[in-house]
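Take a look at the letters that make up each chain.
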Amino acid sequence: MKHTTRLFVNGEAVEVPVGSTVLDAATEIGVDVPTLCHEPRVDPMGSCRMCLVEIEGQRRLQPGCKFVAQPGMVVHTDSERVKRHRRLLLSMYLADHAVDADGLPAERGVGNQLRQHVLDHGTGPALPSIEADRTYRVDHNPYVHFDPEACVLCNLCVRYCDEVEAVSAITLANRGSQTTIATADQRGLLDTTCEMCGGCIAVCPTGAMTEKPSIGSDWRQEEKVRTTCNFCGVGCQLDLHVNDGKVVRVTSPDPGQTVNDGNLCIKGRFAYEFVHHEERLTTPLIRGDDGQFRQASWEEAIQVAARGLLGVKERHGADALGFISSSRCTGEENYLMQKLSRAAFGTNNCHQCAAT
Ligand code: SF4
Ligand code: SF4
Ligand code: FES
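None of the values given here were measured: they were computed from a predicted structure. Throughout, residues of each chain are indexed from 1 in the direction in which the sequence is written. Chains carry letters and ligands carry numbers; both start at the beginning, A for chains and 1 for ligands, and go up in the order they are written. Restriction of local features to residues with pLDDT of at least 70 applies here, the model being predicted, together with a cutoff of 80 or more for giving and counting side-chain atom pairs; totals for whole chains, interfaces and linings are based on all residues.

**Focus: the overall build of the protein chain**
In this text, helices come from DSSP runs of H or I with a minimum length of four residues, and strands from runs of E with a minimum of two, each type numbered from the N-terminal end. What the protein chain contains, in helices and strands, is eight helices and 16 strands. Only the C-alpha atoms count toward the radius of gyration. The rule for a globule is 2.2 Å times the residue count to the power 0.38. Against the 2.2 N^0.38 benchmark of 21 Å for 356 residues, the protein chain shows a C-alpha radius of gyration of 27 Å, more extended than a compact globule. Projected onto the principal axes, the alpha-carbon positions of the protein chain cover approximately 85 × 55 × 35 Å. Think of it as a crowd count around each C-beta: if 20 or more other C-beta atoms lie within 10 Å the residue is buried, if 12 or fewer it is exposed, and in between it is partly exposed, with C-beta placed from the backbone throughout. Within the protein chain, the proportion of its 356 residues that are buried is 29%.

Below, the structure is given as structure tokens:
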């Protein structure tokens, strides 16, 4: 049985696994099809219509993100008809979207894919703007901000919350121009099943969902620094966004790249205030004979600790020592801790708090 499908995209032959979408096939040969509601971690919905392509033999344009590739299919992603559709669609989005002084979709400190599509593809005739009453409840949760005027109703946040987090805290509510993202009974997120993972923020293509603590920080000024989360031993990779020497936002590397597959929990994404907390210990402290702490260099602190541990070993034997590491350490750090215990001090008395 053949496991691949061969089709043609913009005149180029491409072979993809059976079941792949037209968008997968285009991506395979480096053809860029604009999307808004597409996300590899959730089932395709085909709601934004940004990825419509022309398929020979099909009367209507079809959503590339949802339409399954068929053998011999002939696809055009950049025909005049497709381009005309994109421009008109973008005009429709602009008629119902908060814009900045240049008439472009506003950025709100984070990237806005809709804005980029307008810049890349242009718009059709200007359409009258839609005045809809989408009053959003005041939500006192500390982390997730939602602005209905920037929402394109792609439903990605809802699908992520449902399909990836399995939490289903948010939903589409109302009909027509009043459609918006809401919670059951319009409760604040803290009164729902929401786990404050921030995944809805991460997948939102327009910045309608944003991190409250980062409002005001401009992503263009932010430098990304890759690190490993230190809240547990899973080893999730984080991108710290640093602006003017301060961590202002935490995101995950793209899905498919690291162990966390683009996901984070509340601690990894939001609990970074400690980094700059004024009470944070940044230098080792050694307790003197008077019982008071004094600041010391790392070298001196390690010497003092080593002398103390070796003293116990000499007086009482290696098994009088015990080494306990923390679940906040990485796997590599835990490995080093047991190596220190076994190889340097000669005892198997080592444990890790998450193993109890
Ligand atoms: S923060 Fe996470 S759990 Fe809460 S609504 Fe967003 S995706 Fe759902
Ligand atoms: S908040 Fe963002 S992800 Fe959710 S429907 Fe609106 S635009 Fe899409
Ligand atoms: S990306 Fe295909 S319809 Fe939205």
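**Side note on the site of ligand 2**
Being near a molecule or strand means, for a residue, that its C-beta atom, positioned from the backbone, comes within 6 Å of it. Every one of the 14 residues lining ligand 2 counts as a neighbour, but C151, C154, C157, C204 and A208 are closest to it. Among the residues forming the shell around ligand 2, the class breakdown is 12 nonpolar, two polar and no charged. Classification used: nonpolar for Ala, Val, Leu, Ile, Met, Phe, Trp, Tyr, Cys and Pro, charged for Asp, Glu, Lys and Arg, polar for all others including Gly.

**With respect to the domain arrangement of the protein chain**
Residue ranges assigned to the domains are those given by an automatic or database domain assignment. Under the domain assignment, the protein chain is made up of domain 1 (4-121), domain 2 (219-280) and domain 3 (294-355). A straight line from the C-alpha centre of domain 2 to that of domain 3 covers 28 Å. Once C-beta atoms have been placed from the backbone, residue pairs whose C-beta atoms lie within 7 Å are recorded as contacts. Each side of the interface is counted separately: domain 2 has six residues, and domain 3 has seven residues. Residues of the side of domain 2 that touches domain 3, tallied by class, amount to two nonpolar, four polar and no charged.

**Let's talk about the sheet that holds strand β3 (residues 52-55)**
Across the sheet, which stays open at both edges, the five strands sit in the order β2-β1-β5-β3-β4 with mixed pairing between neighbours. Both outer strands of the open sheet, β2 (12-17) and β4 (62-63), are each paired with one neighbouring strand and no more. Here strand β1 (residues 4-9) runs beside strand β5 (residues 74-76); their pairing, made up of two bridges, is parallel. Across the sheet, residue F8 finds its bridge partner in β5, namely V74. Each of β3 and β5 touches helix α2 (residues 80-94); the most contacted strand, β3, lies at about 160° to it. Two strands pair if DSSP finds at least two bridges between them. Helix axes are fitted to C-alpha atoms over the stretch in contact, other axes to C-alpha atoms as well, and angles between N-to-C directions run from 0 to 180 degrees.

**Some details on the site of ligand 1**
The immediate surroundings of ligand 1 are formed by 15 residues, with C161, C194, C197, G199 and C200 found nearest. Mapped by element, the contributors of at least two residues to the shell around ligand 1 are α4 (156-164) and α5 (199-203). Of the residues contributing to the shell around ligand 1, the split by class is 11 nonpolar, two polar and two charged.

**Side note on the pairing of strand β11 (residues 237-243)**
The sheet contact formed by strand β10 (residues 223-228) and β11 spans six bridges and is antiparallel. Of the residues in β11, the one forming a bridge with R226 is D239. Here β11 pairs with strand β12 (residues 246-251) via five bridges, running antiparallel. Its bridge partner being in β12, H241 is matched across the sheet by R249. Connecting β11 to the next strand, β12, in antiparallel fashion are two residues, including D244 with a positive phi near 55°.

**A closer look at α2**
Since one α-helical turn is 3.6 residues long, residues separated by three or four positions face the same way. Here α2 spans 21 Å end to end across 15 residues, near enough to the 21 Å set by a 1.5 Å rise per residue. Taken together, the buried positions of α2 are occupied by V82, R86, L89, L90, Y93 and L94. The buried side chains of α2 occupy one side of the element, clustering within an arc of 135° when seen end-on. Relative to its buried face, α2 has exposed residues pointing more than 90 degrees away, namely E80 and R84. Of the surrounding secondary structure, the elements contacted by the buried residues of α2 are β3, β5 and α3 (113-121). Helix span, expected: 1.5 Å multiplied by one less than the number of residues in the helix. Here the arc refers to the set of directions running from the helix axis out to each C-beta atom.

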